[in-house]
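# Structural overview for review
One-letter residues, chain by chain:
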Amino acid sequence: MDDKIVTQGLNAYFGDVHAIKGIDIHIPSNAITAIIGPSGCGKSTLIRCMNRMHEVMRGARVTGKVLLDGQDIYSSQMDPVLVRTKVGMVFQKPNPFPTMSIYDNVVAGMRLNGERNWRKLDAVVERSLKLAALWDEVKHQLDASGVSISGGQQQRLCIARALAVEPEALLLDEPCSALDPIATAKIEDLLFDLKDKYTIVIVTHNMQQAARVADFTAFMYLGELVEFGVTKKVFENPDKELTEKYITGRFG
Amino acid sequence: MAKRKGLRSRRRPPRFGGDLVFEYSVMGAATLTLALVWLLVVRMVFDSQASIERFGFGFLSGGVWDPNRDVYGALPFIFGTLLTTGIAVLIGVPLSIGIAVYLSELAPPWLRGPLSSVVELLAAVPSVIYGLWAMYTLRPVMVNSVEPFLKSLLGWTPLFQGDPVGLDKFTAGIILAIMIIPTIASVSKEAMMAVPESQREAALSLGATRYETTRMAVLSYARSGIFGACILGLGRAVGETMAVTMTIGNANKISWSLLDPGQTMASLIANNWGEAQGLQLSALIEVGLVLFAVALAVNIFARLMVGRFMKNIPATGGGL
């Protein structure tokens, strides 16, 4: 299996805080990779380094390499704007644009690229919302505000918005932490359907979620990658004692 | 009242002594403001009675202000107020929003604090100082460079006719713009800084540039606050008296040329109240009443607009 995203000696800092310490990880294509670990271990920072979203925070910097299809996204020729259209992101809290309608939220990224053809936009809205399993619920209220729907629907709207720009990979930062179990189940089903087309990396606090959806699982602790492997192996027979302790809840 | 009774009555046992005194004294203070507005309006209506009876609605459309013939009309001053306010808003709003975007989105933290303080400080400068500065610093620049240039460029339009003298509606509009910039810029900046980081991240993650992120995530989210800031500035421009009186040239006539002197409602009152008596004084007070009504209308309009914009925004999005 090909590797979509590869990090080499990746370090990330917030000012003086060394958040990610020399991580080498290979994210396989067309699979779901879960990143687990206790709060503050650098999970979110790691995926934010994969689409150059880490550096938008003040005082944040990155060293090392992140290869997307073999190309270093931190090389000086690489435009971070282009990287972000190739590697989409969904955040912990649903963040649709409140002043835009559901329709406009979905096509927000396409409009940035100058797309004005309404037939094309209509098609993208329907396709993206169907991919995000939201179409049937909102098809009669596309003009309603992006924040008029429930939290779970808003999160799927954010997924649709990210998919509308046709990224190659999708990074999800604890996408279900603000959602109830039913909305969570819908998003997990959706991720399962999406992995044929996309490479997915999901950060989660919920180990059952990682076990349910992920093909591969990475365990991080204090900014380091402790273990990475096939999910079944990581959960049932981890190589490291630390991983086992965390997974079985005997931590600290 | 009835709906809230349940919870309230349980939380509030019968009150005695100090509690009652406290409640009635603060209620009195609040009522006082209502009474003050009421007294103000009643007094103005009463004192302008003579002028209202004499000129009726014709006062608003009358273009002549002639103490010798005792004929008074407010149109030139309504016109002057709207025109100078229009110039101020046209020049001031884009500049203010630019300042706010820089302070909130682009400025490094070590610069943001001091620069914001300076902008806010400008709002505290007394208007007579702006007036003096306009007369002795701005006016020569206007006469020697800005106005001749605009005249050579746009002299074919009705807006730039006549010889540049520096004391005119254009100069007054510019000094007004300078005076409303601090208000609009600092309130807009607060509204933009209240935009959650997650909105900017949403735009960035879709491949938005910095400019696009500002437009898509920041300006649209903060638009009700920015609009409110503009109305605050507009309110200041409509009522501003001192600096305008010093720069507008004080001519009681209607002229479309920005290079001609004019008069606003506020500057008319400031210029004439000292020697006015009889019908003229009554007419001046009626101009005051009109100014009050315009200011009120601006405020009501602003509230309606802000209410309309607020509909889609979560409670924290206002910043007003």
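Anyway, here's the lowdown on the structure attached to this text. (Residues numbered from 1 in each chain as written. Chains lettered and ligands numbered in written order. Predicted model: local features only at pLDDT ≥ 70, side-chain atom pairs only at ≥ 80, totals over all residues. Heavy atoms only, no water.)

## With respect to the overall build of chain B
- Secondary structure assignment for chain B yields 14 helices and two strands.
- If you line up chain B on its principal axes, its C-alpha atoms span 70 × 60 × 30 Å.
- Burial status across chain B gives 43% buried among its 320 residues.
- Considering only contacts within chain B whose residues lie at least 6 apart along the sequence, 72% involve residues at least 24 apart.
- Accessible surface computed for chain B: about 16,800 Å², of which carbon and sulfur atoms make up 69%.
- Separation of charge centres in chain B, based on 25 positive and 19 negative side chains, amounts to 13 Å. (Helix = DSSP H or I, 4+ residues; strand = E, 2+ residues; numbered from the N terminus. Buried < 20%, exposed > 50% of the residue type's maximum accessible area, 1.4 Å probe, protein only. Contact = heavy atoms within 4.5 Å. Areas by Shrake-Rupley, 256 points an atom, 1.4 Å probe, with all protein chains shown as cover. Lys, Arg positive; Asp, Glu negative; His and termini not counted. Charge placed at Lys NZ, Arg CZ, Asp CG, Glu CD.)

## What to know about the overall build of chain A
- When helices and strands are tallied, chain A shows 11 helices and 10 strands.
- Relative to its length of 252 residues, chain A is compact, with a C-alpha radius of gyration of 18 Å against a globular reference of 18 Å.
- Viewed in the frame of its principal axes, chain A has a C-alpha envelope of about 55 × 45 × 35 Å.
- Taken over 252 residues, chain A has a buried fraction of 57%.
- Averaging the coordinates of the 29 positive side-chain charges in chain A and doing the same for the 31 negative ones gives two points 3 Å apart. (Rg over C-alpha atoms; globule rule 2.2 N^0.38 Å.)

## Observations concerning the side chain of Ser51(B)
- Summarising the element assignment, Ser51(B) is placed in helix α3 (residues 49-55).
- Once residues within four sequence positions are removed from consideration, Ser51(B) is found in contact with Gly56(B), Phe59(B), Leu279(B), Ser282(B), Ala283(B) and Glu286(B).

## Re the sheet that holds strand β5 (residues 71-72) of chain A
- Taken together, four strands build an open sheet; the order of strands is β2-β1-β4-β5 (chain A) and the sheet is antiparallel. Edge positions in the open sheet fall to β2 (17-28) and β5 of chain A, since each of these has one partner strand only. (Pairing = 2+ DSSP bridges.)

## Notes on helix α10 (residues 210-221) of chain B
- In this model, α10(B) (12 residues) spans 15 Å end to end at C-alpha, consistent with the 16 Å of a helix rising 1.5 Å per residue.
- For α10(B), every residue scored as buried is listed here: Glu212(B), Thr213(B), Thr214(B), Met216(B), Ala217(B), Val218(B), Ser220(B) and Tyr221(B).
- Contact partners of the buried residues in α10(B): α4 (108-112) of chain A together with α5 (75-106), α8 (169-193), α9 (197-205) and α11 (223-239) of chain B. (Expected span 1.5 Å × (residues − 1).)

## Considering the nonpolar core
- Ranked by size, the top nonpolar core spans 46 residues in total, and within it Leu129(A), Ile159(A) and Leu170(A) carry the most contacts.
- Top element by residues in this core is helix α7 (residues 151-164) of chain A. It accounts for six residues.
- Among all residues touching Leu129(A), those that are not within four sequence positions of it are Ile102(A), Val106(A), Leu134(A), Trp135(A), Val138(A), Leu142(A), Leu157(A) and Ala160(A).
- In terms of nonpolar packing, the next biggest core, distinct from the first, is built from 32 residues, Ile5(A), Val62(A), Ala218(A) and Leu204(B) among them. (Core = buried A, V, L, I, M, F, W, Y, C linked by side-chain atoms within 4.5 Å.)

## Examining the interface of chain A and chain B
- With 24 residues of chain A in contact, the opposing surface of chain B contributes 25 residues.
- For the chain A and chain B pair, buried surface summed over both sides reaches about 2,000 Å², with 64% attributable to carbon and sulfur atoms.
- Close ionic contact of Arg48(A) with Glu201(B) constitutes a salt bridge, the shortest N to O distance being 2.7 Å.
- Across the chain A-chain B interface, the total number found is four residue pairs in polar contact (both at pLDDT 80 or more).
- Put simply, the parts of the chain that give the side of chain A that touches chain B at least two residues each are α2 (80-86), β6 (87-90), α4 and α7 of chain A.
- Its residues assigned to classes, the side of chain A that touches chain B comprises 14 nonpolar, six polar and four charged. (Buried area = accessible area lost by both parts, 1.4 Å probe. Salt bridge = Lys/Arg side-chain N within 4 Å of Asp/Glu carboxyl O. Polar contact = N/O pair within 3.5 Å; in protein donor to acceptor, adjacent residues only side chain to side chain. Nonpolar A, V, L, I, M, F, W, Y, C, P; charged D, E, K, R; others polar.)

## Here's the deal with the environment of Asn272(B)
All names here are of chain B.
- Secondary-structure assignment places asparagine 272 in helix α13 (residues 265-272).
- Of the residues examined, asparagine 272 reaches a relative accessible area of 15% and is grouped as buried.
- Linking asparagine 272 and leucine 284, residues 12 residues apart in sequence, is a C-alpha distance of 8.0 Å.
- Discounting chain neighbours no more than four positions away, the residues touching asparagine 272 are Gln280 and Leu284.

## With respect to the pattern of salt bridges
Residues and elements named next belong to chain A.
- One pass over the structure, following the stated rule, counts 21 salt bridges over all chains.
- With its nearest N and O atoms 2.9 Å apart, the salt bridge here joins aspartate 104 to arginine 111.
- For aspartate 104, a relative accessible area of 25% corresponds to the partly exposed category.
- Residue arginine 111 is classed as partly exposed on the basis of its relative accessible area of 33%.
- The shortest N-O distance in the salt bridge between aspartate 239 and lysine 233 comes to 2.8 Å.
- Lysine 233 sits in the partly exposed class, given a relative accessible area of 35%.
- Among the charged side chains, a network of salt bridges with common partners joins Lys4, Asp69 and Glu168.

## Examining the side chain of Arg156(A)
- Mapped onto the secondary structure, Arg156(A) falls in helix α7.
- Not counting the four nearest positions on each side in its chain, Arg156(A) is found in contact with Ala132(A), Ala133(A), Leu134(A), Glu137(A), Lys186(A), Ile187(A) and Leu190(A).

## Regarding a nonpolar patch on the surface
Residues and elements named next belong to chain B.
- On the surface, Val128, Ile129, Leu132, Tyr136 and Met242 cluster together to form a nonpolar patch covering roughly 470 Å² of accessible area.
- Here the nonpolar patch takes four residues from helix α7 (residues 127-154), the largest share from any one element.
- Its relative accessible area of 61% is what places tyrosine 136 among the exposed residues. (Patch = residues over 30% accessible without salt bridge, like charges linked within 9 Å, V, L, I, M, F, W, Y side chains within 5 Å.)

## Some points on the packing of α9(B) against α10(B)
All names here are of chain B.
- In contact at an axis separation of 8 Å, α9 and α10 are set at 150° when each is read in the N-to-C sense. For the element pair α9 / α10, the angle class is roughly antiparallel. Pair α9 / α10 crosses with right-handed handedness. Of the residues in α10, those in contact with Gln199, Arg200, Ala203 and Leu204 of α9 are Thr213, Met216, Ala217, Val218 and Tyr221.
- Its residues placed into classes, the contact of α9 with α10 shows six nonpolar, two polar and one charged. (Axes fitted to C-alpha atoms, helices over the stretch in contact; angles between N-to-C directions. Parallel < 35°, antiparallel > 145°, perpendicular 65-115°, else oblique. Left-handed = near helix turned anticlockwise from the far one by under 90°.)

## Quick word on α7(B)
All names here are of chain B.
- In this model α7 runs just 31 Å from its N-terminal to its C-terminal C-alpha over 28 residues, more than 12% under the 40 Å that 1.5 Å per residue would give.
- Along α7, the sharpest change in direction is near 50° and occurs at methionine 142.
- Among the residues of α7, those classed as buried are Ser127, Tyr130, Gly131, Ala134, Leu138, Met142, Glu147 and Leu150.
- Tucked inside the fold, the buried residues of α7 contact α6 (109-123), α8 and α12 (242-247). (Bend = angle between axes of the 7 residues up to and from the residue.)

## Notes on the sheet that holds strand β3 (residues 32-36) of chain A
Residue and element names in this part refer to chain A.
- With respect to topology, six strands assemble into an open sheet ordered β6-β7-β8-β3-β9-β10, the strand pairing being mixed. A single partner strand is all that each edge strand has here, and the edge strands are β6 and β10 (224-230). When the angles between neighbouring strand axes are averaged without regard to direction, this sheet yields 15°.
- Sheet topology places β3 next to strand β9 (residues 216-221); four bridges connect them, and they run parallel. Residue pairing across strands places threonine 33 opposite phenylalanine 216, the latter belonging to β9.
- The strands that α7 touches are β6 and β7 (169-173); relative to β6, the one it contacts most, it runs at about 170°.

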